[in-house]
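Summary of the model geometry
This is what each chain is made of:
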Amino acid sequence: QVQLVESGGGLVQPGGSLRLSCAASGSIFSITVMGWYRQAPGKQRELVAVINRGGTPTYPDSVQGRFTISRANAENTVYLRMNSLEPEDTAVYYCYAANKWAEAYWGQGTQVTVSS
């Protein structure tokens, strides 16, 4: 089992920045991919960014160039730096991890609200 705990959400004005953190514990030796998904009210959960153990990130077009994911393997932590935030980025952000058996784990979610 893997436990994920997020932190860093909150309210920010359009154009502002936030950094999310996610700390993993438990069977961390098996984790291969970590990342972030988000879900806005009335919408499906969508990919925000993922990063593999080697440090290679993947972003959808919607956040490319604005968000940066990084991973500190020694700390079992993944970070998401979000710049130039837009109201459309408002959502609950979930930390995600997958192990080498393709089992997925989720954090409890942290709210990000972009509003003036």
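In this report, the structure presented in the accompanying data block is examined. (Residues numbered from 1 in each chain as written. Predicted model: local features only at pLDDT ≥ 70, side-chain atom pairs only at ≥ 80, totals over all residues. Heavy atoms only, no water.)

This next bit is on the environment of I69. Among the structural elements, I69 can be located in strand β7 (residues 67-72). A residue is classified by how much of its surface remains accessible, and I69, at 5% relative accessible area, is buried. Residues I69 and P57 lie twelve residues apart in sequence; the distance between their C-alpha atoms is 6.8 Å. I69 has contacts with M34, G35, W36, A49, V50, I51, P57, Y59, V78, Y79 and L80, leaving out every residue within four places of it along the chain. (Helix = DSSP H or I, 4+ residues; strand = E, 2+ residues; numbered from the N terminus. Buried < 20%, exposed > 50% of the residue type's maximum accessible area, 1.4 Å probe, protein only. Contact = heavy atoms within 4.5 Å.)

All right, on to the pattern of salt bridges then. With the rule as written, the count across this model stands at four salt bridges. Put simply, R66 and E86 hold a salt bridge, and the shortest N to O gap is 4.0 Å. Here the residue R66 occupies a position in the loop between β6 (57-58) and β7, and E86 occupies one in the loop between β8 (77-82) and β9 (91-99), the gap between them amounting to 20 residues. Among the salt bridges present, the one from D89 reaches R66, with a minimum N-O distance of 2.8 Å. Remark: R66 occurs in the loop between β6 and β7 and D89 occurs in the loop between β8 and β9; sequence separation between them is 23 residues. Accessibility classification places D89 together with R66 in one group, the buried group. Within the structure, one salt-bridge network assembled from shared partners comprises R38, E46, R66, E86 and D89. (Salt bridge = Lys/Arg side-chain N within 4 Å of Asp/Glu carboxyl O.)

Soluble globular proteins tend to bury their nonpolar side chains together. Counting 29 residues, the largest nonpolar core has L4, M34, W36, L80, M82 and Y93 as its most contacted members. Mapped onto this core, the elements with two or more residues apiece are β1 (2-7), β3 (18-26), β4 (31-39), β5 (46-52), β7, β8, β9 and β11 (110-114). (Core = buried A, V, L, I, M, F, W, Y, C linked by side-chain atoms within 4.5 Å.)

It is worth spelling out the state of the cysteines at this point. By the definition in use, this model includes one disulfide. With a sulfur-sulfur separation of 2.0 Å, C22 is cross-linked through a disulfide to C95. Taking the torsion about the sulfur-sulfur bond, which here is approximately -85°, the covalent link between C22 and C95 counts as left-handed. Taken together, the residues C22 in strand β3 and C95 in strand β9 connect sequence positions 73 residues apart. Pair check on accessibility: C22 and C95 agree, each one buried. (Disulfide = S-S within 2.5 Å.)

A word on unusual backbone geometry. Within the chain, S84 stands out as a residue other than glycine whose phi angle is a positive 50°. Mapped onto the elements of the fold, S84 is located in the loop between β8 and β9. If you check the backbone angles, A102 has positive phi at about 65° while not being a glycine. Here A102 is to be found in the loop between β9 and β10 (104-106).

Taken by themselves, the reported measurements are silent on function.
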